[in-house]
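Coordinates in review
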Amino acid sequence: MHLRNLTLSHYRNYESLSLSFDGQIQLFIGNNAQGKTNVLESIYLLALAKSHRTSKDKELISWNADYATVRSDIERRYGSVRLEIQLTSKGKRAKINGLEQQKLSEFVGALNVVMFAPEDLAIVKGAPAQRRRFIDMEIGQVSRTYLHYLSNYNKVLQQKNQLLKDMIIKKNISVDMLSIWNTQLADLAVKLLQKRFEYIGKLEAWAKSIHAGITDGKEELTLHYVNTTPVTADMNLQQAADTLHTAYEEMLEREKQRGSTLIGPHRDDFSLRINGIDVQTFGSQGQQRTAALSLKLAEIELIKEEVGEYPVLLLDDVLSELDEHRQTLLLETIQDKVQTFVSSTGVEGLKHQVLQQAARHYVREGKIS
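What you see is a predicted model; the values in this text were computed from it and never measured.

About the thresholds
- Residues numbered from 1 in each chain as written.
- Predicted model: local features only at pLDDT ≥ 70, side-chain atom pairs only at ≥ 80, totals over all residues.
- Heavy atoms only, no water.
- Core = buried A, V, L, I, M, F, W, Y, C linked by side-chain atoms within 4.5 Å.
- Buried < 20%, exposed > 50% of the residue type's maximum accessible area, 1.4 Å probe, protein only.
- Helix = DSSP H or I, 4+ residues; strand = E, 2+ residues; numbered from the N terminus.
- Contact = heavy atoms within 4.5 Å.
- Pairing = 2+ DSSP bridges.
- Phe/Tyr/Trp six-rings, centres within 6.5 Å; stacked < 30°, edge-to-face > 60°.
- Lys NZ or Arg CZ within 6 Å of the ring centre and 35° of its normal.
- Salt bridge = Lys/Arg side-chain N within 4 Å of Asp/Glu carboxyl O.
- Axes fitted to C-alpha atoms, helices over the stretch in contact; angles between N-to-C directions.

**Some thoughts on the nonpolar core**
Grouped together as the largest cluster of nonpolar side chains are 117 residues, with contacts concentrated most on Leu111 and Leu330. Here this core gets 16 residues from one element, more than from any other, and that element is helix α6 (residues 176–214). If we ignore the near neighbours within four places in the chain, the residues touching Leu330 are Phe116, Leu293, Leu297, Leu313, Leu315, Leu319 and Leu322.

Written out as structure tokens, the structure reads:
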């Protein structure tokens, strides 16, 4: 998987930008707030139809502009594909080879990326919402059906939660409608859980092997899905749906009091353990960073396993956050097989041979030379 070029119009601080890419490593150098991250963000947008930094699309459109456009020609193992996203105040339009996609879920997956930024270190030590987002984004890249189920789940969840809030105000609302929402929610939730169980298992296999290599076999990394429901991986879909519907019924009074759905994929989490000890709570900063690096490298290999080719890697100012050992391991892992876009405030400290061979782009005030 390889980006041949990138064209931006009215995107963030770029009024107009056109770049072509030769070589595997593209290094963007410049001071803070000049537009380095905006370039990497635009590539992420082409992969996932959303920014990794904001949920408000209007922030991606240049000041005083009516729209923003991001376009790129991507080389895949089955041929070339042109991707384009246009952002307006009315929403997004996504095109593959000039054909507008009716649903964004049909667009996601045409380009696969792995983003590694300083905030991704918080995957290990941050809030559960960050790990849920990590799971959803990564499964969504390789499974359009997962995105479809997730979108529908969130819609039904919103309807159920609104009914629960109404029940606090109006005590005489019938619970029959709640049972209908629970049935729909359970059917969707178990499909999400099935995919998550499978994904966590595959990710753990890769991360465990990579982590052992980083630590010379002294540490074993394991991943554990933290499930708020009684559904287990060995249940079939019908057993799981029945189990979850029963659990919803048992939670009825508590959910009516709280005005929200208290169990399900939207509240689940996963934990990382090194030699059986929870890394989030008891791990050192070095262990937390190594675990995060292992996860990201595992992502790369898992996407390769799922789609048959390596994703594009986006390293947004993260190399300065890694010590020389971890930096070397990351760069040697990607060498000659993963097209990589790196942003950095300078070349000091980036002495690895891989980076010395990189194509260099100097960024200043929305201009690249």
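**Remarks on the sheet that holds strand β13 (residues 312–316)**
Reading across the sheet, the six strands line up as β9-β13-β14-β4-β15-β16 and stay open at both edges, with mixed pairing between neighbours. The sheet is open, and its two edges are formed by β9 (113–116) and β16 (367–368), each paired on a single side. Taken together, the two bridges between strand β15 (residues 359–364) and β16 define a ladder with antiparallel strand orientation. The residue of β16 that forms the bridge with Arg364 is Lys367.

**Observations regarding the pairing of strand β3 (residues 14–20)**
Taken together, the six bridges between strand β2 (residues 5–11) and β3 define a ladder with antiparallel strand orientation. Residue Ser9 lies in a different strand from β3, and its bridge partner there is Ser16. The hairpin formed by β2 and β3 contains two residues between the paired strands, and Arg12 there has a positive phi angle of roughly 50°.

**A look at the environment of Lys56**
The topology assignment puts Lys56 in the loop between α1 (36–48) and β5 (67–76). Since its relative accessible area comes to 48%, Lys56 is described here as partly exposed. Spatially, the C-alpha atom of Lys56 lies 28 Å from that of Leu319, the residues being 263 residues apart in sequence.

**So, the packing of aromatic side chains**
Counted by the stated rule, this structure contains four aromatic pairs. Measuring from centroid to centroid gives 5.0 Å for Phe21 and Phe341, while their planes differ by 85°, and the two rings are edge-to-face. Linking Phe21 in the loop between β3 and β4 (25–29) with Phe341 in strand β14 (residues 340–344), this pair joins segments that are 320 residues apart in sequence. Comparing Phe21 with Phe341, the two get one shared label, buried. Centroid distance Phe134 to Phe270: 6.1 Å. Interplanar angle 40°. Geometry classified as tilted. Highlighted residues: Phe134 in helix α4 (residues 128–142) and Phe270 in strand β11 (residues 269–274), separated in sequence by 136 residues. What links up through ring pairs into an aromatic cluster is the set Phe21, Phe28 and Phe341. The lysine or arginine in question, Lys191, covers the ring of Tyr149, its NZ or CZ lying 5.6 Å from the ring centre.

**Description of the pattern of salt bridges**
Think of it this way: side chains of opposite charge can pair up when their charged atoms draw near. One pass over the structure, following the stated rule, counts 19 salt bridges. A salt bridge links Arg53 to Glu41, with the shortest nitrogen-to-oxygen separation between them at 2.9 Å. Separated by twelve residues along the polypeptide, Arg53 in the loop between α1 and β5 and Glu41 in helix α1 bring together distant segments of the chain. Overall, Arg53 belongs to the partly exposed group, its relative accessible area being 38%. Taken together, the salt bridges that share partners define one network made up of Arg12, Glu41 and Arg53.

**A few points about the sheet that holds β11**
The antiparallel open sheet is built from three strands, whose spatial order is β10-β11-β12. If you trace the sheet from one side to the other, it starts and ends with β10 (221–226) and β12 (277–278), each paired once. Relative to β12, β11 runs antiparallel, the two being bridged by two bridges. What sits directly across from Arg273, in β12, is Asp278. Most of the contacts of α4 go to β11, to which it runs at about 100°, and overall it touches β10 and β11.

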